[in-house]
Amino acid sequence: PRVATPRLLHQRPSPPLCARLLTRRPLHRPPCGLEPRGEGYFLAHGGTRAFKKDAKSSVEAPVSPTTITDIKQYLRTKEIPFHDGYSCLHTPSIFVEPSARRDSFSLFVDKTTGQFLCKDTLVEGSWEDLQDCLEVMQKEEQDFLSPRVLLGYPESVEEQEDREWELREVQRIWSSSVPFSDLPEDEAQLIKTMFQITKISNATLKRFGVRLFKPTKSLVFPWFGGPDSSLKGVKLLSAQSTGTDKVIYNEATVPKCNSYYNLFGLPLVGRMDAEVVLTGHELDTLAVSQAAGLPSVALPRGFSCLPPILLPYLEQFKRVTLWLGDDIRSWEASKIYSRKLGLRRCSLVRPGESRPRPVEALDRGKNFGHIIKSSIPAAHKSIVSFKQLREDVYGELVNTEQVAGVKWGRFQELNRILKGHRKGELTVFTGPTGSGKTTFISEVALDLCMQGVNTLWGSFEINNVRLAKIMLTQFAMQRLEENLEQYDFWADKFEELALYFMTFHGQQNIKTVLDTMQHAVYLYDINHVIIDNLQFMMGQENLSVDKFAVQDHIIGAFRKFATNSSCHVTLVIHPRKEEDDRELQTASIFGSAKASQEADNVLILQEKKLVTCPGRRSLQVTKNRFDGDVGIFPLDFHKSSLTFAAPIKGRHKLRKLAGKPEDDEEEAGEKEVKEVKKEKAAKATKTPRSVKKGNETTPQTPQFPCVISFG
Ligand SMILES: Nc1ncnc2c1ncn2[C@@H]1O[C@H](COP(=O)(O)OP(=O)(O)OP(=O)(O)O)[C@@H](O)[C@H]1O
């Protein structure tokens, strides 16, 4: 029979399970930072916690930036007792009758956002929602609010159907999958060999409830959760041989990955356990549990994010060891997550030859006790000696490719000049008015997002629908207007990208924008923010002041944000002056030398109107702090897919600039006429572009972040 393939599993959106609190005064504030899920709706996340399909990717400014001091002060005035935890404050749940409270402090308030979650009832909401609840309780002189006062948010027929479909799908997969102990020994061994987990025992697989879904030979990892520990979802992992000794693993989840909030392994954690090893994969958690005998849980989407809604489940641990993988990206993620989890209880396993990822360490017979013991405390001192830096420096020397950052799949020339996209950098991007800046930077950012770089867009000039339309066209690489029957297919794939949009439009205050960015970094582990464009933060009132001083100040603020948040910021800036006959230069953008110093990378979209090729642009890198290489390369624009590509091979070669950029471009222009005839002939035989990832070259279909490849 046709079975649940990853594609099939993702065809249906998961519905929101929302509930509304009936209060005397209407709740009017939307949950902090997210597009309103209706007015004042609470989410009772019974497992399939999901946001509205059309709203999940929007990020608003935090309602009123809440500080931990404000939260504590408020709770004190309401005489609510609380414990000061690592990431959350713990209070008695107001949704459970006092006599029935199993755990006296089961309501968790996130110290950064004020979001709350009651672990007993799974009611969650914003800080403002919680305040409203407390006010109602006080007014009505009640000592708790029954979850029964929460009214189900009326689901549309479609949403209801989706939810039912999903529940059936979870049950169907689970009931037709087989425990390993029920498999004939040789079959079990064959499967283990396929997944390179021959050292994981049947007993371990049984303890964690891992099964085999025979029709697709997929491992099934269950998600048990909620007060009744019921089955909330499943993750399927399938293995595919590449012909060499490498295996590619594909993952699919029900509900789909952006509403799959499972810390795999959590049901096995005892109430008194004080130590946990946090891993980036279910198989790693099995390995840690078996080899180290320690509680271990796995993040639901690998090391790509640690959703704050999971933090309450990690509050009980006095020590958290983060062992997220074996490369620089997982190492960087572990440093960032330790800030969310509370630095003083976290220690990090530094990837290295003697410290591979857990499942590989098990395979190679490594000493887990030793690896975990030698993990590095996350709390760092501000003054360090070379002795402490020694391993970091060594790591950078042996992993030069990874240190250079994430590579573009569609822009090999950018890889050659910039080497990659790195965290914590500031890129300034400019070009003449209407030259295609937004269109180009949209594709550049989309490319990275498809490689797993969590992305936040601040598009102040064009609205999010138009921007998303451009990106979707670039993603599908075709004019979807003419292929509407393919819309759902591409939209479903596109929805899986970790791509978020700020809901701002028009002039904005820089502080509000920075607060929102900070908020999104915390909520969604954003790695790349694009601001299009800086002019929308200049403000009208500043016109009397020196415009370039204001611009410098704003660039400085984004620089600081990029460094402090380990997040790459790309800033689109209109040029200062434009003269038809001259190319732009770094000096065309900045008000002062100070500002040009702040940027790590400066990119210029050069537009030279050539009779033979009017759409031709060039991208010039005039600054590259990472390794100093600068250069320029031509770009052809494909109007139907809104994408850019290097002209056909052999026409223009990448030139590193030793001297004036103008000279090179001039040269390119002269060649234009001679080569246009060749191009026409070549166009007829042009082959589709490939997306290169790792060592394999895959066809035009892009890679999606939910498909995690390792091995
Ligand atoms: N290389 C190109 N050749 C021709 N048209 C292009 C090219 N790149 C983009 N366009 C088209 O030009 C229009 C303007 O593009 P876009 O909004 O990206 O420019 P921009 O530089 O961001 O504009 P602005 O200066 O107003 O911010 C769009 O319709 C886009 O599809």
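Residues numbered from 1 in each chain as written. Predicted model: local features only at pLDDT ≥ 70, side-chain atom pairs only at ≥ 80, totals over all residues. Heavy atoms only, no water.

(A) Summary view of the sheet that holds strand β11 (residues 211-213). Strands sit in the order β10-β11-β12-β13-β14 across an open sheet of five strands; the sheet is antiparallel. Of all strands in the sheet, those bounded by a partner on one side alone are β10 (178-179) and β14 (247-254). Across three bridges, the pairing between β11 and strand β12 (residues 218-225) is antiparallel. Considered in β12, the bridge of R211 is made with V220. In the packing of helix α4 (residues 157-175) onto the sheet, contacts are made with β11, β12, β13 (230-241) and β14, and the angle to β13 comes to roughly 60°. (Pairing = 2+ DSSP bridges. Helix = DSSP H or I, 4+ residues; strand = E, 2+ residues; numbered from the N terminus. Contact = heavy atoms within 4.5 Å. Axes fitted to C-alpha atoms, helices over the stretch in contact; angles between N-to-C directions.)

(B) Geometry of the packing of aromatic side chains. The final tally for this structure, using the stated rule, is 17 aromatic pairs. Seen in terms of ring centroids, W323 and F368 are 5.2 Å apart; in terms of plane orientation they differ by 50°. Their pairing is tilted. With W323 in strand β18 (residues 319-323) and F368 in helix α10 (residues 368-373), this residue pair connects regions lying 45 residues apart in the sequence. The class of W323 is buried, set by a relative accessible area of 0%. Centre to centre, the rings of F460 and F504 are 6.1 Å apart; their planes meet at 15°, and the pair counts as stacked. Taken as a pair, F460 in the loop between β22 (455-459) and α15 (464-476) and F504 in the loop between β23 (499-502) and α17 (510-524) lie far apart in primary sequence, 44 residues in all. (Phe/Tyr/Trp six-rings, centres within 6.5 Å; stacked < 30°, edge-to-face > 60°. Buried < 20%, exposed > 50% of the residue type's maximum accessible area, 1.4 Å probe, protein only.)

(C) Inspection of the pattern of salt bridges at higher detail. Under the definition given, this model contains 24 salt bridges. Notably, a salt bridge pairs D84 with K111, separated by 2.7 Å at the nearest N-O pair. Taken together, the residues span a long stretch of sequence, with D84 in strand β4 (residues 83-84) and K111 in the loop between β6 (107-110) and β7 (116-118) at a distance of 27 residues. When the shortest N-O distance is used, the salt bridge between E495 and K256 registers 2.8 Å. (Salt bridge = Lys/Arg side-chain N within 4 Å of Asp/Glu carboxyl O.)

(D) The arrangement of unusual backbone geometry in detail. Going from V254 to P255, the amide bond is cis rather than trans, its omega being -5°. Of note, the bond from D532 into N533 is cis; its omega dihedral lies within 30 degrees of zero at 0°. With respect to the secondary-structure elements, N533 resides in the loop between β24 (528-532) and α18 (547-565). A positive phi angle, close to 60°, is found at E79, a residue other than glycine. Take E79: it is sitting in the loop between α2 (68-77) and β4. The backbone of K419 shows a phi angle near 75°, a positive value even though the residue is not glycine. Structurally, the position occupied by K419 is in the loop between α13 (412-418) and β21 (426-430).

(E) Focus on the nonpolar core. In this structure, M517, I531 and F558 are the most contacted members of the largest nonpolar core, which totals 70 residues. With nine residues, α17 is the single largest residue contributor to this core. Apart from residues no more than four positions distant in its own chain, M517 is found in contact with L456, M502, V529, I531, F558, F561 and V569. (Core = buried A, V, L, I, M, F, W, Y, C linked by side-chain atoms within 4.5 Å.)

(F) Representation of the pairing of strand β5 (residues 88-91). Residue alternation in β5 divides its side chains into two sets, C88 and H90 and L89 and T91, and both sets are buried. Bridge analysis of β4 against β5 gives two bridges, and the strand direction is antiparallel. Each residue of the ladder has a partner; that of D84, found in β5, is L89. Hairpin geometry of β4 and β5 is characterised by an intervening segment of three residues between the two adjacent antiparallel strands. Judged from the four bridges that link them, β5 and β6 form a sheet pairing that is antiparallel. Opposite C88, over in β6, you have D110 as the bridge partner.

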